[in-house]
Each structure stands twice: as structure tokens, then as C-alpha cells.
Amino acid sequence: MDKVAIIEEENIGKRAKVVRHCGFSSSSSLSSSPYNNNKLANIESIPVELILQILSYLSQKDLSSMSRVSKYFEGIMQDPIVWRTYKVTNRNEDTSKIIGKLRNMPFLKELTINRREDSDEILRQISLTNKNLEKLYVYNCTGSTSKLYLRSHYLTRILKKCRRLNTIKILGSPFRGQKFYKLLGDVGLRLKSASLPATHSQFTTFIKHARQICDNDYLNVYMNARLFPWQKRAQLYYSMYRKATRFRIRIRYSTEDVISIDITEDGKRNMNVISVNNKATG
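Read on for an overview of the structure.

Cut-offs applied
Residues numbered from 1 in each chain as written. Predicted model: local features only at pLDDT ≥ 70, side-chain atom pairs only at ≥ 80, totals over all residues. Heavy atoms only, no water. Buried < 20%, exposed > 50% of the residue type's maximum accessible area, 1.4 Å probe, protein only. Helix = DSSP H or I, 4+ residues; strand = E, 2+ residues; numbered from the N terminus. Arc of directions from axis to C-beta. Contact = heavy atoms within 4.5 Å. Patch = residues over 30% accessible without salt bridge, like charges linked within 9 Å, V, L, I, M, F, W, Y side chains within 5 Å. Areas by Shrake-Rupley, 256 points an atom, 1.4 Å probe, with all protein chains shown as cover. Salt bridge = Lys/Arg side-chain N within 4 Å of Asp/Glu carboxyl O. Lys, Arg positive; Asp, Glu negative; His and termini not counted. Charge placed at Lys NZ, Arg CZ, Asp CG, Glu CD. Axes fitted to C-alpha atoms, helices over the stretch in contact; angles between N-to-C directions. Parallel < 35°, antiparallel > 145°, perpendicular 65-115°, else oblique. Left-handed = near helix turned anticlockwise from the far one by under 90°. Nonpolar A, V, L, I, M, F, W, Y, C, P; charged D, E, K, R; others polar. Pairing = 2+ DSSP bridges. Right-handed = clockwise from strand over helix to strand, strands pointing away.

1. A few points about helix H11 (residues 215-223)
Of all the positions in H11, only Asp217, Tyr218 and Val221 are classed as buried. Within H11, the buried residues cover an arc of 105° as seen down the axis, which keeps them to one side. Exposed residues on H11 whose side chains face more than 90 degrees from its buried face are Asp215, Asn216, Leu219 and Met223. Buried residues belonging to H11 abut helix H10 (200-209), strand S7 (246-253), strand S8 (258-264) and strand S9 (269-274).

2. Description of a positive patch on the surface
On the surface, a cluster of positive charge is contributed by Lys131, Lys160, Lys161, Arg163 and Lys179. Mapping Lys161 onto the fold places it in helix H8 (residues 152-161). Exposure remark for Lys161: the relative accessible area of 43% places this residue in the partly exposed category.

3. So, the environment of Lys61
Structurally, the position occupied by Lys61 is in helix H4 (residues 60-66). Residues Lys61 and Lys87, spaced 26 residues apart in sequence, show a C-alpha to C-alpha distance of 9.2 Å.

4. Describing the pattern of salt bridges
The full count for this structure, using the stated rule, is seven salt bridges. Residue Lys101 pairs with Glu93 through a salt bridge whose shortest N-O separation is 2.9 Å. Classification of Lys101 as partly exposed rests on a relative accessible area of 31%. Between Asp118 and Arg116 there is a salt bridge, and its shortest N-O distance comes to 2.6 Å. The class of Arg116 is buried, set by a relative accessible area of 4%.

5. Quick word on the packing of H10 against H11
Interhelical geometry of H10 versus H11 gives an angle of 160° and a closest axis separation of 10 Å. Overall, the two elements H10 and H11 adopt an arrangement that is roughly antiparallel. Note that H10 runs across H11; the crossing there is right-handed. Across the interface between the two elements, His200, Phe203, Thr204, Ile207 and Lys208 of H10 pack against Tyr218, Val221 and Tyr222 of H11. Considered class by class, the residues forming the contact of H10 with H11 number five nonpolar, two polar and one charged.

6. Brief notes about the pairing of strand S2 (residues 110-114)
Bridging between strand S1 (residues 85-88) and S2 involves four bridges; their strand directions are parallel. Its bridge partner being in S2, Val88 is matched across the sheet by Ile113. Direction of pairing for S2 relative to strand S3 (residues 135-139): parallel, over a ladder of five bridges. Of the residues in S3, the one forming a bridge with Ile113 is Val138. Between S2 and its parallel partner S3, the chain crosses via helix H7 (residues 119-129), and the hand of that crossover is right-handed.

Right under this line is the structure:
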């Protein structure tokens, strides 16, 4: 069994203390509920372990709404295991408050940061406490450098620490450095989706180190993805998904043409360039 899954299961079994201060017992059951006699059972009679498991599938908006239902649910919402998704979209929310929340979300799987000027501090905290992160979205954020670029050092640390990360999208938030793109390529088939701003040098670093792209593919991808003279960087789009008995990789950079690479289980490879008029060339 997965180590994280074991930890989660053990933690769920210890959650009774979360609601004790509210005057409810986690050992309550439907069979012992006074509402069972031809009436609808009170939700507070359901074992807290089961409630925690159900709540872990809800969105941040739904969880926030649930916390206002009663003191019982307000207490349950303090449990970190229910917080699997979190969106930082309030530009006026204090940085220390956000960092405090992230510290209490060790099981966080999906994080969105939008229009924040303190994104470097938030990214740093993610690399320290949110190692179960699977999806990271950063939109129109600025960093603390002189030119407001994001610090690639923190993004690199996230790639190193968050071993389950498979989706990363950064839009409108440029950053420098080659190391991040090298590590991103080293992720291999675990990487399902990526959308990132990249200079031609950064793009080249990524495809050169991508384990799933062989030398022949590298040359073809390189020749079909070039910046125009007036461009400093372009958006790199990458996706990988399994289709029947093969993996399909798609890459797009600087042009509308999509490079598609099919890899079968026996290692055979086939590359096509899908142009804007939908005519594929092999």
C-alpha cells in the first residue's frame, strides 16, 4: 500500500479529537442515533471518520460553505485532511495568513495562485510543507526580483520535493534559469501536462533532457519549434496521456503546429507534425 495512503488512513482514524470541543463524539453511529426511529438520521450521528473522507472530495468553496453550517462542521474544517484543493485568488489576503493555511494542508493535491505579488514566498512554503502536491497553477503572478520575475529556485525545489507533481501551468509569470527545465525533463512519463513560458534556450533544455524524447525525436522537435526574431519567449505546451497500449506525447511551441509522438509498449516510436490546417506529416 502507498505510504501516503497508509498515513492518511491512520490520521483519519484519529480525528475524533477534532470535534470533541464541540460536544460530539466520533464514535457515534447511525444505529445508536435517536433520529433512527422512523426519522431522518442527524448527520452529526455519522462517524466523523466517514465525514472526513467525504469532505476530502469537496472543493475549497464547498468546504468554506460547510464550515458555516454549524459549530460541528466548523470544528471538522480545522482538520488538514479535508483540504485537498486550495485557490489563492484574493489579492488583499495577508501573506502570513496564506502561509499559515498552507502549513496546515499537508495533504494538499491542487493549488492555484492568481494575481499575487508575493508568489515567491508562497512557492517557497509549498516546497517545505506541501509535498503531496499533484497540480500547480500560477497565473499572472510577480516575484520579488528587480524585474518581477518568479524565482526559479523555488520552482526547482518544488519539482524536487513534490514527487507526485504531474501537472504544472504557469501563465503570464516569466522566470529565468535552465535548471528548472532540465529537472522538468527528468520527470519523464510522470509529467502529464505542462504549460510554461520559455525562451528558446529553455525549451531546448527541456526537450534535450526529457526522458520520453529520444535523440531522433529531439532533432525533429528542435527543427519544428523556433522563435520568430522579434520573440524573446513563447508558451511551451506539453501533454502526455495513455491511449490503449501506447503513450501519446504532444508538444507545441512558438507556432500553431503540434508535434505528436506515439510510443508503444514495445518501444516503437512514430512522430507526426500536425499543422494548423490539420494535415499531419510524418
